[in-house]
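Here is how the chains run, residue by residue.
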Amino acid sequence: MIALPAAPAPAPKRQLFVGTALISAAIAMFFGGMLAIFLKLRDASPLAPNVTKRPSHVWLPKGVEIPQVPSNIMLITLAFACVLITGAIVSAKQDNHTSTALMLFLCAIMAIATINAQALVYKRMAMSLRGGTYEVLFYTITGAFLVCLIGALAYSLTTAFRYLGGRTKDHDVLISLATYWYVITAVFTVIWFVIYVTK
Amino acid sequence: MTTIDTRTEALAATEPSAAARSLSDIAAWITTTDHKRIGRMFVGVSLLLMLGVGVIGGLIGLERINPNGYVLDSGAFQQLFSLLRVGLAFFVVLPLTIGLAMAIVPLQVGARSIAFPRAALLGFWSWLFGSGLIIFSLAGNGGPGGGKPHLVDLYLGGVVLAIAGLVIAASTIAATVLTTRAPGLTLKRVPLFSYSALVGCVAIALTLPVLAAATVLVLVDHLYARSTFGGNAGVLQWTGWGLSAPAMLVYSLPLLGAIPDSISTLARRHLLQRPILRIGVGLAAVSAAAAVTQTALTLPARRHSFKTWENFLGAMVRYIKDTTPWLLFGALPILGVLIVVGLTGKTMATPKLSVKVLLSAATQFNLIGGALLMAGFALHAVGDIAPIKLAGTVYEEGVSILVGYSVVLLALGALTFWGPKLWGRRIDDKKALPLVLLGAGGTVLASVPMIILGFMKQPGYSAGGFDKQSATGVLNALSMAGHALMLATVGLFVLVALMSFTKGELAGDDPYDGQTFEWMTSSPPPVENFAVAPTASSSHPLTDLKPDGLNAPARTQTAKPAQTGALR
């Protein structure tokens, strides 16, 4: 049997966007599960605020304080990254290649800035991972988020270099990247509220 | 000037040896991005692992009937039990459903390949490597309750790796249905198997990450602090929900649509009430996935007094508050499966099915597997009724085995039905049909005694704490025999399939006079599936292309070369 040469395949419909959306949803569920365990253990703690009627920070290890400024800066940085990636899509639709590439690189810088702020949080809190429940939960949740941020950084840089390489008509990649940024920003907003605000 | 040496000895010297050719074949399989090969690798490995699960089920039964304590080392029982639970979920049910969907769905939707083929391959290897780590760690006294801390860590790492692989693989299948459908094949026209694969894979991609989250937390705690999650003893407490019902119900969902799809094709008739069937699949998926978030929810044991009018109103409100969550999360999934199985039955009954089709192995595997799966869904709901007090008994184990083995039967049915497409040869029906009875008997025997023992309050996850001499001993022995039968079923099926797919009768491209795109291409299909891009104008696109529709005589040989893109 001799196979005939294949005819050109029909272009898939927004495949990268759908794939990114599915994986982003899985990431959101991953952090949802972790935060649910964080809340469950916080409520079960003998130092939990609803048990003792004391402020919630009492379940933190002794002498540990969460630095508010870098954690707030992280949220603002991520929100700004969302604005930038939206700007990149608008610029791409207007065929403004310079602006699109610039915004993509700025997105990557926002990811680096957020990683830097997280490192500062770790340094100031100076907790040992072997300390106990809170330390395990804090480092695992924020560490897993750092992995997602590194993913965003790599994705942004790859998209930027693709764009510089001349693939300027491929808007689906930009929209997929934006979806990923929106989802991880939403995830961080919840992490920020649960871990850094209500502690 | 270039000269060409045409002497035969020179040609022989350049020809690769048999060993080189085998190595090249192996390398081609390892690095393949062909969805059919990746799907077959998923299915093949999981069927082999199913043999191991059957052996472990038998060994656990042996421990339970042995009156003189433990046959094996007492610590080994926990490892065996963990292997049975992890094995059913991660080695059998998930890879079987995902593997079959990966092999068939792109063909059904008329796609040239699966979406993100390299990701699909990564998913397979990640799952296989993770499964290997799980088996290695459990064999070396790791895993839940294991005595070697490093192997407990390895077990947890293996679970995370296997989950990552399965989520990636499930996402590629869902993305294939959503993005690579042939022109005209709207979601409403998608074959039921592809539809249930889409819904089921999305449910799996949303459920498994939550299990991964719990596992990662337990792993970090076990590696560094051992302060929160109970060390090695707490592993199952935090991650065990992912290895039993209702999570098992979610894992079975991709195969739900294979029942109506294969039976309607074998019967050569269109499915009745396709929109209702889609609703049934969706209902089962949404409510089963939602039930995973409500594992602690039960139907409470509260007495309702209806004696006076005031009491009546208050009692009614309390009654509705008590029963509604149970109905939504426990009973609603049954309705979904009932719709699918019921409408398939109605399609078969109007007009009555011929005996030849009714007594084919594919029909029987699907019918019996579907009925047993529905029973699994129903028995899970019964287990959530608090007054019956089944929590902590072997009841839960019985339901998981029932669901797991039903999925195996459905997978064997799917292999019997779609095997001719994937391998180009038919499975010998006379040899496969007795295996249906054997498998059905094995499934019922392995699970039903456990369910009865649950009502008799035999403790779960334990080989002791109950009277081994009386009726419980007989029921445990029956369960052990059930596992042995299931082991024999899968082992014999693999042998029959190997013989049939290598030396069996040629199937032709369209052996069932099919209605959907997969029967349009050659058997086995070329790497890129279709030479000519198919187009759909209805939910049975291939029937529309045939001049005499469903009234055509059975096409045992190939369709037109123009359709298959193959010259004979």
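Bear in mind the structure is a predicted one, so any value in this text is a computation, not a measurement.

Peer 1: How would you summarise the overall build of chain B if you had to cite specific residues and measurements?
Peer 2: Per the secondary structure count, chain B includes 19 helices and 1 strand. Look at the contacts in chain B between residues 6 or more apart in sequence, and 83% of them connect residues 24 or more apart. Carbon and sulfur atoms form 68% of the exposed surface of chain B, whose accessible area is close to 21,600 Å².

Peer 1: Any details on the nonpolar core? Residues and values, ideally.
Peer 2: Formed by 226 residues in total, the largest nonpolar core has its most connected members in Trp181(A), Phe90(B) and Tyr251(B). The element contributing the most residues to this core is helix α4 (residues 74-108) of chain B, with 22 residues. Once residues within four sequence positions are removed from consideration, Tyr251(B) is found in contact with Ala89(B), Val93(B), Leu94(B), Thr97(B), Ile204(B), Leu208(B), Leu211(B) and Gly242(B).

Peer 1: Provide a residue-level description of unusual backbone geometry, including the pertinent values.
Peer 2: All names here are of chain B. In this model, Ala245 is joined to Pro246 through a cis peptide bond whose omega is 5°. Within the secondary structure, Pro246 sits in the loop between α8 (235-239) and α9 (247-252). Across the junction of Ser523 and Pro524, the peptide omega takes the value -5°, indicating a cis bond. Structurally, Pro524 is set in the loop between α17 (471-503) and α18 (541-545). Although it is not a glycine, Gln273 adopts a positive phi angle of roughly 50°. In this fold, Gln273 is placed in the loop between α10 (258-266) and α11 (274-292). For Lys457, which is not a glycine, the phi torsion comes out positive at approximately 65°. Topologically, Lys457 is positioned in the loop between α16 (429-455) and α17.

Peer 1: How would you summarise the packing of helix α3 (residues 68-93) of chain A against helix α6 (residues 171-197) of chain A if you had to cite specific residues and measurements?
Peer 2: When two helices pack together, their arrangement is given by the angle between their axes and by how far apart the axes lie. Residue and element names in this part refer to chain A. Orientation of α3 relative to α6, taken along the N-to-C sense of each, is 165°, at an axis distance of 10 Å. With respect to their mutual orientation, α3 and α6 come out roughly antiparallel. Seen from above, α3 lies across α6 with left-handed handedness.

Peer 1: Now, about the packing of aromatic side chains: what can you tell me, with residues and values included?
Peer 2: Residues and elements named next belong to chain B. A full pass over the atoms with the stated rule returns 25 aromatic pairs over all chains. With centroids separated by 6.0 Å and ring planes inclined at 45°, the aromatic side chains of Phe124 and Trp127 adopt a geometry described as tilted. With Phe124 and Trp127 both in helix α5 (residues 117-139) and 3 residues apart, this pair spans about one turn of that helix. Of the two residues examined, Phe124 and Trp127, each falls in the buried class. Note on Tyr512 and Trp519: the rings are 5.1 Å apart at their centroids and 85° apart in plane angle, and the pair reads as edge-to-face. The pair Tyr512 / Trp519 is uniform in exposure class, with both members buried.

Peer 1: Just give me the short version of α5(B), but keep the residues and values in it.
Peer 2: Three or four residues apart is the spacing at which side chains of an α-helix point the same way, because the helix has 3.6 residues per turn. All names here are of chain B. For α5, built from 23 residues, the straight-helix expectation of 33 Å at 1.5 Å per residue is met to within 8% by its first-to-last C-alpha distance of 33 Å. Among all positions of α5, only Ala120, Leu121, Gly123, Phe124, Ser126, Trp127, Gly130, Ser131, Leu133, Ile134, Ser137 and Leu138 are buried. One or two steps after α5, the chain reaches Asn141, where phi turns positive at roughly 70°.

Peer 1: Hey, could you go over the environment of Ile27(A) for me, with residue numbers and the actual values?
Peer 2: All names here are of chain A. Within the secondary structure, Ile27 is located in helix α1 (residues 15-44). A C-alpha to C-alpha distance of 9.5 Å links Ile27 and Phe145, two positions 118 residues apart in sequence. Setting aside chain neighbours within four positions, we find Ile27 in contact with Cys148 and Tyr180.

Peer 1: Describe the interface of chain A and chain B, listing the residues and the values that go with them.
Peer 2: The interface of chain A with chain B comprises 34 residues on the first partner and 38 residues on the second. Carbon and sulfur atoms supply 76% of the area buried between chain A and chain B, which totals about 3,100 Å² over both sides. Counting the contacts that link chain A with chain B gives 0 salt bridges. Between chain A and chain B we count 3 residue pairs in polar contact (both at pLDDT 80 or more) in total.

Peer 1: Tell me what's going on with the pattern of salt bridges, and back it up with residues and numbers.
Peer 2: All names here are of chain B. Summed over all chains, the structure comprises 9 salt bridges over all chains. Residue Glu396 pairs with Arg85 through a salt bridge whose shortest N-O separation is 3.5 Å. In this pair, Glu396 is assigned in helix α15 (residues 395-423) and Arg85 in helix α4, connecting sequence segments 311 residues apart. For Glu396, a relative accessible area of 29% puts it in the partly exposed group.

Peer 1: Give me a nonpolar patch on the surface: which residues, what numbers.
Peer 2: Together, Phe312(B), Leu313(B), Met316(B), Tyr319(B) and Ile320(B) make up a nonpolar patch on the protein surface, roughly 430 Å² of accessible area in all. Mapped onto the elements, Leu313(B) comes out in helix α12 (residues 309-349).

Peer 1: Lay out the environment of Ala233(B) in plain terms, naming residues and giving numbers.
Peer 2: Residue position: Ala233(B) is located in the loop between α7 (192-225) and α8. With 90 residues separating them in the primary sequence, Ala233(B) and Gly143(B) have C-alpha atoms 9.2 Å apart.

Thresholds, definitions, all that
- Residues numbered from 1 in each chain as written.
- Chains lettered and ligands numbered in written order.
- Predicted model: local features only at pLDDT ≥ 70, side-chain atom pairs only at ≥ 80, totals over all residues.
- Heavy atoms only, no water.
- Helix = DSSP H or I, 4+ residues; strand = E, 2+ residues; numbered from the N terminus.
- Contact = heavy atoms within 4.5 Å.
- Areas by Shrake-Rupley, 256 points an atom, 1.4 Å probe, with all protein chains shown as cover.
- Core = buried A, V, L, I, M, F, W, Y, C linked by side-chain atoms within 4.5 Å.
- Buried < 20%, exposed > 50% of the residue type's maximum accessible area, 1.4 Å probe, protein only.
- Axes fitted to C-alpha atoms, helices over the stretch in contact; angles between N-to-C directions.
- Parallel < 35°, antiparallel > 145°, perpendicular 65-115°, else oblique.
- Left-handed = near helix turned anticlockwise from the far one by under 90°.
- Phe/Tyr/Trp six-rings, centres within 6.5 Å; stacked < 30°, edge-to-face > 60°.
- Expected span 1.5 Å × (residues − 1).
- Buried area = accessible area lost by both parts, 1.4 Å probe.
- Salt bridge = Lys/Arg side-chain N within 4 Å of Asp/Glu carboxyl O.
- Polar contact = N/O pair within 3.5 Å; in protein donor to acceptor, adjacent residues only side chain to side chain.
- Patch = residues over 30% accessible without salt bridge, like charges linked within 9 Å, V, L, I, M, F, W, Y side chains within 5 Å.

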